[in-house]
Amino acid sequence: MIDLTEANTNLVKEIFGDDLDKIGDIRKCYNCATCISGCPAAEGDPPLLIRRLVRKVLLGLEDDLLDDETPWSCVSCNCCEEMCPMGVHPFEVGLAIRRWQCSQDETYLPPSLPEVWEIGHTQSVHKQGTLRASLGLADAPPSVCVTPGAIAGFRKMLKETDVIRDNSYMFKEEEE
Amino acid sequence: MKYGLFLGCNMPTIRPDAERGIRLTLEKLGVDLVEVQGYACCPGYGTFPASDEVASLAVSGRNLAIAEAAGVDIAVQCGSCYSVMRHANHSFHNEEKLKKTNALLQLDDKQYSGHVKVKHLIDLLYNEIGTEKISNSIEHNLEGIKAVVQYPCHTLWPEDVMGFDDARNPHKLGDLGRALGADVPSYSREFQCCGGAGGFAARNKPQAVQFAKRKFDAMVDEVQPDVVVVSCITCLMWMNNVQMEFGEDWSPIPVLDYNQLLALCMGFDPKEVISVADTPKVPVDLRFKLAEKITKAAVA
Ligand code: SF4
Ligand code: SF4
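Residues numbered from 1 in each chain as written. Chains lettered and ligands numbered in written order. Predicted model: local features only at pLDDT ≥ 70, side-chain atom pairs only at ≥ 80, totals over all residues. Heavy atoms only, no water.

Trainee: I'd love a proper account of the overall build of chain B, names of residues and values included.
Mentor: Check the secondary structure of chain B and you find 15 helices and seven strands. For chain B, the spread of C-alpha atoms along the principal axes amounts to about 55 × 45 × 35 Å. Looking at chain B residue by residue over its 300 residues, the buried ones come to 65%. Here the contacts in chain B between residues at least 6 apart in sequence split such that 77% fall between residues at least 24 apart. Working note: accessible area of chain B is about 10,600 Å², and carbon and sulfur atoms make up 47% of it. Looking at chain B, you have 30 positive and 38 negative side-chain charges, and the mean spots of the two groups are 2 Å apart. (Helix = DSSP H or I, 4+ residues; strand = E, 2+ residues; numbered from the N terminus. Buried < 20%, exposed > 50% of the residue type's maximum accessible area, 1.4 Å probe, protein only. Contact = heavy atoms within 4.5 Å. Areas by Shrake-Rupley, 256 points an atom, 1.4 Å probe, with all protein chains shown as cover. Lys, Arg positive; Asp, Glu negative; His and termini not counted. Charge placed at Lys NZ, Arg CZ, Asp CG, Glu CD.)

Written out as structure tokens, the structure is:
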């Protein structure tokens with residue numbers, strides 16, 4: 001039984017804002033499961049089921065949705081985007097739910113964010129010099145982290161974004 | 001023909017042999033590769049796109065602004081980079097989003113018009129360079145070699161934002177394989193994605209391995225390929241490594257990026273273009289055996 005007395009009737013707006021271009025009109029989702037039929041993550045345990053997430057949003061089941069980690073197993077193949085017959089953007093729905101979860105609970109923030117802040121990448125692109133040289137490549141790709149002065153400008157820009165400002169303790173500015 | 005080569009994070013770090021293959025082959029085909037100097041993460045879907053849309057568009061916009069200032073469009077192999085930056089460009093059709101992004105870019109002395117094209121290597125190879133020129137560029141052909149191709153999911157869907165091939169029935173990577181003389185048969189799970197990207201494999205390893213195994217089982221039962229040809233760094237890493245999880249009875253099939261295969265056909269040194277294993281378990285010698293077979297064949 002679902003208790004709707006606790007429902008957040010404004011949840012759609014809190015998660016998606018007015019960005020109908022990007023998300024589509026999720027009220028048109030009729031639970032057909034086309035978005036699931038080609039979805040690898042629908043085979044996960046627990047499965048990622050976009051149609052179920054859409055129901056949770058429409059019913060305003062805020063607490064339930066906040067605890068639901070399945071959007072994080074998406075492979076971003078965008079197969080569901082291609083297939084939805086109702087003009088909903090299922091992949092964007094999942095992505096927007098992830099952003100909303102991050103804004104509600106900082107433990108959702110991807111651990112890769114501080115890495116990108118620090119060196120501009122999710123991998124240590126500047127630390128494979130020996131291997132790269134052995135193949136005839138430059139020691140490092142032309143990254144922000146090896147271009148003089150570039151990382152400072154990169155961070156200056158990022159510092160003005162909500163996710164960095166609101167969680168500034170995670171994003172340190174060491175001396176260059 | 002001039003392009004900014006966008007390398008992303010994984011390829012230059014984990015599989016630089018693929019990077020080497022891409023650089024050597026494109027240059028030989030007359031593409032002038034310009035460095036996207038100062039680039040950062042695209043940013044990957046699991047980073048800013050999943051936490052802050054404004055930041056995500058700023059980081060993508062910054063990469064595109066660098067290419068624009070250098071006067072080039074972008075060429076990219078990584079499916080995720082391609083998808084993220086194509087989606088970003090699509091978002092920039094919205095004036096408000098472009099304006100907001102430029103306000104942030106200004107802090108880094110950059111600006112972006114929204115007009116840089118992001119091209120996947122399959123698109124570049126097939127539609128710009130063409131199969132005929134590729135066929136004429138090789139010293140060894142793949143006659144007698146059976147290849148299956150892995151279409152990178154991120155380059156197919158959604159077609160209105162990503163498309164350069166038929167999204168429901170793609171053929172261009174297969175045709176590129178045929179241009180090298182390979183037999184490229186279809187099989188039932190050809191268009192199933194590899195399942196290696198994002199959180200699925202990280203959070204649901206056993207299910208992700210099963211998902212990939214079904215695909216590999218289908219290719220072995222139906223066509224018994226000598227090589228799996230990909231054109232995405234995630235497909236390359238995952239389809240290599242996941243085979244090590246299939247158990248003792250599994251005979252691994254070498255997996256190569258298309259440009260690595262092309263490099264072998266062009267006669268480049270296998271040590272430079274196919275030699276890196278990102279996990280010690282992957283049998284690289286299988287790749288070298290394949291390379292030996294290829295380099296023995298002259299162009300017919
Ligand atoms: S395919 Fe579209 S309409 Fe069908 S369940 Fe998924 S989101 Fe809803
Ligand atoms: S984009 Fe995500 S939700 Fe959509 S089909 Fe792919 S894995 Fe599933």
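That covers the picture; the talk isn't over yet.
Trainee: I'd like a description of the sheet that holds strand S3 (residues 73-76) of chain B, backed by residues and values.
Mentor: Residue and element names in this part refer to chain B. Pairing is parallel across the open sheet formed by four strands, whose spatial order is S2-S1-S3-S4. At either margin of the open sheet sits one strand with a lone partner, and together these are strand S2 (32-35) and strand S4 (118-120). Direction aside, the axes of adjacent strands within the sheet are offset by 40 degrees on average. With three bridges connecting them, S3 and S4 associate as parallel partners. By the bridge assignment for S4, Val76 is matched with His120. Where helix H2 (residues 16-28) meets the sheet, its contacts fall on strand S1 (2-6) and S2, and the angle it forms with S2 comes to roughly 135 degrees. (Pairing = 2+ DSSP bridges. Axes fitted to C-alpha atoms, helices over the stretch in contact; angles between N-to-C directions.)

Trainee: If you had to explain the domain arrangement of chain A to someone new, which residues and values would you point to?
Mentor: All names here are of chain A. Considered domain by domain, chain A is made up of domain 1 (1-108) and domain 2 (109-176). Tallying the contact residues gives six residues for domain 1 and four residues for domain 2. Across the domain 1 to domain 2 interface the summed buried area is about 340 Å²; carbon plus sulfur atoms make up 50%. Here domain 1 is connected to domain 2 by zero salt bridges. At the junction of domain 1 and domain 2, the tally comes to two residue pairs in polar contact (both at pLDDT 80 or more). Split into classes, the residues belonging to the side of domain 1 that touches domain 2 amount to three nonpolar, one polar and two charged. (Domains from an automatic or database assignment. Buried area = accessible area lost by both parts, 1.4 Å probe. Salt bridge = Lys/Arg side-chain N within 4 Å of Asp/Glu carboxyl O. Polar contact = N/O pair within 3.5 Å; in protein donor to acceptor, adjacent residues only side chain to side chain. Nonpolar A, V, L, I, M, F, W, Y, C, P; charged D, E, K, R; others polar.)

Trainee: Tell me about the domain arrangement of chain B, and name the residues and values.
Mentor: Residues and elements named next belong to chain B. Taken as a whole, chain B is organised into domain 1 (2-120) and domain 2 (131-295). In this assembly, domain 1 and domain 2 are joined by two salt bridges. The interface formed by domain 1 and domain 2 contains twelve residue pairs in polar contact (both at pLDDT 80 or more). Broken down by element, the residue count for the side of domain 1 that touches domain 2 peaks at ten residues, all from H2. Residues that form the side of domain 1 that touches domain 2 fall into these classes: eleven nonpolar, ten polar and five charged.

Trainee: So what's going on with the site of ligand 1? Which residues, and what values?
Mentor: Ligand 1 sits among 13 residues. The nearest are Cys29, Cys32, Ala33, Cys35 and Cys84 of chain A. Counted by class, the shell around ligand 1 contains ten nonpolar, two polar and one charged residues. (Near = heavy atom within 4 Å.)

Trainee: Please provide a residue-by-residue account of the packing of aromatic side chains, values included.
Mentor: Residue and element names in this part refer to chain B. On inspection of all chains with the given rule, the structure shows eleven aromatic pairs over all chains. For the pair Phe92 and Tyr112, a centre-to-centre distance of 5.6 Å together with 70 degrees between the ring planes defines the contact as edge-to-face. You can see Phe92 sitting in the loop between helix H4 (79-91) and helix H5 (95-106) and its partner Tyr112 sitting in the loop between H5 and S4, a full 20 residues away along the chain. In this structure, Phe92 and Tyr112 share a single accessibility class: buried. Ring plane angle 65 degrees and centroid distance 5.8 Å describe the contact between Tyr151 and Phe191, whose orientation is recorded as edge-to-face. Remark: Phe191 occurs in the loop between helix H9 (172-178) and helix H10 (198-203) and Tyr151 occurs in the loop between strand S5 (147-149) and helix H8 (159-162); sequence separation between them is 40 residues. By relative accessible area, which is 5% here, Tyr151 ends up buried. In this structure an aromatic cluster arises from ring pairing among Phe216, Phe246 and Trp250. Positioned above the aromatic ring of Phe246 is the side chain of Lys213, whose terminal nitrogen or guanidinium carbon lies 5.7 Å from the ring centre. (Phe/Tyr/Trp six-rings, centres within 6.5 Å; stacked < 30°, edge-to-face > 60°. Lys NZ or Arg CZ within 6 Å of the ring centre and 35° of its normal.)

Trainee: Before we move on, can you summarise the pairing of S3 of chain B with the specific residues and values?
Mentor: Strand residues, when the strand is regular, have side chains that alternate between the two faces of the sheet. Inspection of the sheet shows S1 of chain B paired to S3 of chain B by four bridges, in the parallel sense. What sits directly across from Phe6 of chain B, in S3 of chain B, is Val76 of chain B.

Trainee: Could you give an account of the site of ligand 2, naming the residues involved and the relevant values?
Mentor: In the vicinity of ligand 2, the contacting residues are Cys39, Pro40, Leu48, Ile50, Cys74, Val75, Ser76, Cys77, Asn78, Cys80 and Phe91 of chain A. Taken together, the residues of the shell around ligand 2 break down into nine nonpolar, two polar and no charged.

Trainee: Could you give me a rundown of the pattern of salt bridges, with the residues and numbers involved?
Mentor: Counting across every chain of the model gives 27 salt bridges over all chains. Across the salt bridge formed by Glu19 of chain B and Arg23 of chain B, the nearest N and O atoms sit 2.9 Å from each other. Linking Glu19 of chain B with Arg23 of chain B, this pair stays in helix H2, spanning four residues, or about one helical turn. Judged by its relative accessible area of 1%, Glu19 of chain B falls in the buried class. With a closest N to O distance of 2.8 Å, Arg62 of chain B and Asp108 of chain B form a salt bridge. Pair noted here: Arg62 of chain B is in helix H3 (residues 53-69) and Asp108 of chain B is in the loop between H5 and S4, with a separation of 46 residues, a long-range link. With respect to burial, Arg62 of chain B and Asp108 of chain B carry one shared label: buried. Linked through salt bridges whose partners overlap, the residues forming this network are Asp19 and Lys22 of chain A together with Glu53 and Lys97 of chain B.

Trainee: Could you give me a rundown of the side chain of Asn241 of chain B, with the residues and numbers involved?
Mentor: Take Asn241 of chain B: it is sitting in helix H12 (residues 233-241). On the basis of relative accessibility, which here comes to 17%, the residue Asn241 of chain B falls in the buried class.

Trainee: Tell me about the sheet that holds strand S7 (residues 255-257) of chain B, and please be specific about residues and values.
Mentor: Residue and element names in this part refer to chain B. Across the sheet, which stays open at both edges, the three strands sit in the order S5-S6-S7 with parallel pairing between neighbours. At either end of the open sheet lies a strand with only one pairing partner, and these are S5 and S7. Averaged over neighbouring strand pairs, the angle between their axes works out to 30 degrees when direction is ignored. Both S5 and strand S6 (residues 227-230) contribute to a ladder of three bridges, which runs parallel. In the strand pairing of S6, Val149 is matched with Val229. Contacting S6 and S7, H12 crosses the sheet at an angle of about 170 degrees to S7.

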